[in-house]
Amino acid sequence: NAGVTQTPKFQVLKTGQSMTLQCAQDMNHNSMYWYRQDPGMGLRLIYYSASEGTTDKGEVPNGYNVSRLNKREFSLRLESAAPSQTSVYFCASSEARLAGAQETQYFGPGTRLLVL
Amino acid sequence: QKEVEQNSGPLSVPEGAIASLNCTYSDRGSQSFFWYRQYSGKSPELIMFIYSNGDKEDGRFTAQLNKASQYVSLLIRDSQPSDSATYLCAAEGSQGNLIFGKGTKLSVKP
């Protein structure tokens with residue numbers, strides 16, 4: 001049981017290049033999330049997917065797109081990378097919200113992205 | 001805009017002391033609150049969650065919630081150098097997502 005996995009671990013891009021960050025979970029969770037973490041800014045939600053087939057914007061969606069490929073996988077795409085997108089990206093997953101249940105999120109190991 | 005506020009620290013305590021971490025939130029509709037620990041260069045890991053007013057204890061950790069004051073705290077008893085990390089407070093958002101504070105850096109000195 002690997003939990004939440006992310007690839008790649010590190011990536012260096014040039015401005016204008018595109019890339020896709022991959023995330024997969026094996027906990028049969030319905031909800032998945034993409035965050036970015038910058039020094040002094042905390043974790044900020046980029047996009048989330050409450051269930052397979054749905055995606056919604058979070059706090060900082062500009063410059064990103066997402067795909068919920070199936071229940072296990074949720075990818076984040078940078079179409080034209082900018083230096084402002086240099087950050088650490090975390091994927092997380094949680095069970096669907098049930099009455100009285102807490103929305104505990106489990107995080108992947110992160111992807112460190114540098115855009116030059 | 002819904003916010004979660006934390007003192008960024010660093011909070012420095014001697015080994016064996018009680019570390020007290022605090023958090024306030026703006027959305028009165030939030031029902032669940034979470035404390036995550038994040039070591040440098042690592043991903044956040046859940047310590048505790050709390051959704052009822054009062055205290056919740058788990059080993060050396062106690063979470064406290066006061067919904068009237070919109071205040072959440074985490075107490076770490078018998079602090080150890082291995083507790084040195086950044087502690088993130090999070091509140092449940094209206095759509096099931098989490099709203100995170102910026103974190104408090106804790107340093108436990110031997």
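Details of the structure are given in the entry above.
Small disclaimer: the values here were computed from a predicted structure and weren't measured.

Engineer: Just to check I follow, could you spell out the pattern of salt bridges for this structure?
Structural biologist: In a structure, side chains of opposite charge can pair up when their charged atoms sit close to one another. Scanning all chains against the criterion turns up 6 salt bridges over all chains. Ionic pairing is found between Arg-36 of chain A and Asp-38 of chain A, a salt bridge with its closest N-O pair at 2.9 Å. Relative accessible area serves as the criterion here: at 11%, Asp-38 of chain A is assigned to the buried category. With a closest N to O distance of 2.8 Å, Arg-60 of chain B and Asp-83 of chain B form a salt bridge. Of this pair, Arg-60 of chain B sits in the loop between strand 6 (54–58) and strand 7 (61–66) while Asp-83 of chain B sits in the loop between strand 8 (71–76) and strand 9 (85–92); the two residues are 23 residues apart in sequence, bridging distant segments of the chain. Asp-83 of chain B gets classed as buried once you look at its relative accessible area, which sits at 1%. Here the salt bridges do not stand alone but share partners, grouping Arg-36, Asp-38 and Arg-44 of chain A into one network.

Engineer: Explanation requested: the state of the cysteines in the structure shown.
Structural biologist: By definition, a disulfide links the sulfur atoms of two cysteines through a covalent bond. All names here are of chain B. This structure, assessed with the given rule, holds 2 disulfides over all chains. Each sulfur of the disulfide joining Cys-23 and Cys-89 lies 2.1 Å from the other. Measuring the twist about the S-S bond at about -70°, one finds the Cys-23-Cys-89 disulfide to be left-handed. Residue Cys-23 is located in strand 3 (residues 19–25), and its partner Cys-89 is located in strand 9; the two are separated by 66 residues in the primary sequence. Given the relative accessible area of 1%, Cys-23 is considered buried. Note on Cys-89: relative accessible area 1%, which makes it buried.

Engineer: What's the story with the sheet that holds strand 7 (residues 64–68) of chain A in this structure? I'm lost.
Structural biologist: Within a sheet, adjacent strands bond to each other through the backbone by hydrogen bonds, running parallel or antiparallel. All names here are of chain A. Spatially, 4 strands are ordered 1-3-8-7 in an open sheet, and the strand pairing comes out antiparallel. The two strands at the open ends of the sheet, each matched to only one other strand, are strand 1 (4–7) and strand 7. Pairwise comparison of adjacent strand axes, ignoring direction, gives a mean angle of 20° for this sheet. With 5 bridges connecting them, strand 7 and strand 8 (residues 74–78) associate as antiparallel partners. The partner of Val-66 across the bridge, within strand 8, is Leu-76.

Engineer: Would you mind going over a nonpolar patch on the surface with me for this structure?
Structural biologist: Judged by side-chain polarity, Val-12, Leu-114 and Leu-116 of chain A come together as a nonpolar surface patch covering roughly 270 Å² of accessible area. Relative to the helices and strands, Val-12 of chain A is located in strand 2 (residues 10–13).

Engineer: I keep staring at the interface of chain B and chain A and nothing clicks. Help me out?
Structural biologist: Each partner contributes residues to the interface: chain B has 21 residues there, and chain A has 20 residues. Taken over both partners, the interface formed by chain B and chain A buries close to 1,700 Å², and the fraction arising from carbon and sulfur atoms is 54%. Across the chain B-chain A interface, the total number found is 0 salt bridges. On the surface where chain B and chain A come into contact, there are 4 residue pairs in polar contact (both at pLDDT 80 or more). Looking at the side of chain B that touches chain A, the elements with two or more residues in it are strand 4 (33–38), strand 5 (45–50), strand 9 and strand 10 (98–100) of chain B. The element that contributes the greatest number of residues to the side of chain B that touches chain A is strand 4 of chain B, accounting for 3 residues. Across the side of chain B that touches chain A, the residue classes break down as 9 nonpolar, 9 polar and 3 charged.

Engineer: Is there a simple way to think about the environment of Leu-78 of chain A in this case?
Structural biologist: Residue and element names in this part refer to chain A. Relative to the helices and strands, Leu-78 resides in strand 8. Considering only alpha carbons, one finds Leu-78 and Thr-20, 58 residues apart in sequence, at a separation of 6.3 Å. Excluding its chain neighbours within four sequence positions, the residues that come into contact with Leu-78 are Gln-17, Ser-18, Met-19, Leu-21, Gly-63, Tyr-64, Gln-85, Tyr-89 and Leu-113.

Engineer: I would appreciate a short explanation of the side chain of Thr-104 of chain A in the present structure.
Structural biologist: Residue position: Thr-104 of chain A is located in the loop between strand 9 (87–94) and strand 10 (106–107). Look at Thr-104 of chain A and you get buried, because its relative accessible area is 9%. For Thr-104 of chain A, the contacting residues outside a window of four places in its chain are Ser-93 and Ser-94 of chain A together with Phe-34, Tyr-36, Leu-46 and Phe-49 of chain B.

Engineer: Please clarify how the sheet that holds strand 3 of chain B should be interpreted in this entry.
Structural biologist: Residue and element names in this part refer to chain B. Taken together, the 5 strands give an open sheet; going across it, the order is 1-3-8-7-6, and neighbouring strands pair in antiparallel fashion. Each having just a single partner strand, strand 1 (4–6) and strand 6 make up the two edges of the open sheet. Here the strands of the sheet are splayed against their neighbours by 20° on average, with no regard to which way each runs.

Cut-off values and rules
Residues numbered from 1 in each chain as written. Chains lettered and ligands numbered in written order. Predicted model: local features only at pLDDT ≥ 70, side-chain atom pairs only at ≥ 80, totals over all residues. Heavy atoms only, no water. Salt bridge = Lys/Arg side-chain N within 4 Å of Asp/Glu carboxyl O. Buried < 20%, exposed > 50% of the residue type's maximum accessible area, 1.4 Å probe, protein only. Helix = DSSP H or I, 4+ residues; strand = E, 2+ residues; numbered from the N terminus. Disulfide = S-S within 2.5 Å. Pairing = 2+ DSSP bridges. Axes fitted to C-alpha atoms, helices over the stretch in contact; angles between N-to-C directions. Patch = residues over 30% accessible without salt bridge, like charges linked within 9 Å, V, L, I, M, F, W, Y side chains within 5 Å. Areas by Shrake-Rupley, 256 points an atom, 1.4 Å probe, with all protein chains shown as cover. Contact = heavy atoms within 4.5 Å. Buried area = accessible area lost by both parts, 1.4 Å probe. Polar contact = N/O pair within 3.5 Å; in protein donor to acceptor, adjacent residues only side chain to side chain. Nonpolar A, V, L, I, M, F, W, Y, C, P; charged D, E, K, R; others polar.

Keep in mind these numbers describe shape, not what the thing actually does.
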